[in-house]
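# Remarks on the overall topology
Each chain, letter by letter, is given below.
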Amino acid sequence: MAGMFIFGIGVQGAKIAVDTIVQSDTADAYRGRAFSIYDVLFNVSECIAAGVAILVLPNVGWSRSVQIGLVLFVWLVAAVYWRLMQALGHMPREVPS
């Protein structure tokens, strides 16, 4: 329970941080649409994650092989992100106004 509580706080903190970025870095004309799309995608991803958890986890709710797979997946995503950022010179792309 403590781990889930800490994980929940982390996820909500990340969502609030991205909400702030979307709200502050999006032009006024697009802010509502961008935020709505982002919010729907976030909520759908949580529902998909819950569905996948139901399908792959045993009744006890924890599996060493699933945990290892998730750790490897996170490291893979981080490596791909790092590689793509390296290709961009560690600078975000300019967004045309």
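Residues numbered from 1 in each chain as written. Predicted model: local features only at pLDDT ≥ 70, side-chain atom pairs only at ≥ 80, totals over all residues. Heavy atoms only, no water.

## Notes on the overall build of the protein
- Helix and strand counts for the protein stand at three helices and zero strands.
- Traced from its N-terminal end to its C-terminal end, the protein shows the element sequence α-α-α.
- Against the 2.2 N^0.38 benchmark of 13 Å for 97 residues, the protein shows a C-alpha radius of gyration of 17 Å, more extended than a compact globule.
- Dimensions of the protein, computed from the C-alpha atoms along their principal axes, are close to 50 × 30 × 25 Å.
- Per-residue burial for the protein yields a buried fraction of 8% across its 97 residues. (Helix = DSSP H or I, 4+ residues; strand = E, 2+ residues; numbered from the N terminus. Rg over C-alpha atoms; globule rule 2.2 N^0.38 Å. Buried < 20%, exposed > 50% of the residue type's maximum accessible area, 1.4 Å probe, protein only.)

## Examining the packing of aromatic side chains
- Inspection of the entire model under this criterion finds two aromatic pairs.
- The aromatic ring of Phe42 is capped on one face by Lys15, whose charged end is 5.1 Å from the ring centroid. (Phe/Tyr/Trp six-rings, centres within 6.5 Å; stacked < 30°, edge-to-face > 60°. Lys NZ or Arg CZ within 6 Å of the ring centre and 35° of its normal.)

## Structural notes on the pattern of salt bridges
- Evaluation of the coordinates by the stated rule reveals three salt bridges.
- Asp19 is the salt-bridge partner of Lys15, the closest N and O atoms lying 3.4 Å from each other. Here Lys15 pairs with Asp19, and both are found in helix α1 (residues 2-25), just four residues apart, close to one helical turn.
- For the salt bridge of Asp28 with Arg31, the shortest nitrogen-to-oxygen distance reads 2.9 Å. Here Asp28 pairs with Arg31, and both are found in helix α2 (residues 28-56), just three residues apart, close to one helical turn.
- Taking the relative accessible area as the measure of exposure, Arg31 reaches 25% and is therefore partly exposed.
- Shared partners join several salt bridges into a network, and the residues in it are Lys15, Asp19 and Asp39. (Salt bridge = Lys/Arg side-chain N within 4 Å of Asp/Glu carboxyl O.)

## Re the side chain of Asp19
- The class of Asp19 is buried, set by a relative accessible area of 16%.
- Other than its neighbours up to four places away in sequence, Asp19 contacts Phe35 and Tyr38. (Contact = heavy atoms within 4.5 Å.)

## A few points about the side chain of Lys15
- When its relative accessible area of 11% is taken as the criterion, Lys15 is described as buried.
- Within the local environment of Lys15, its side chain forms a polar contact with the side chain of Asp39, the two groups lying 2.8 Å apart.
- Ignoring any residue separated from it by four or fewer positions in sequence, one finds Lys15 in contact with Tyr38, Asp39 and Phe42. (Polar contact = N/O pair within 3.5 Å; in protein donor to acceptor, adjacent residues only side chain to side chain.)

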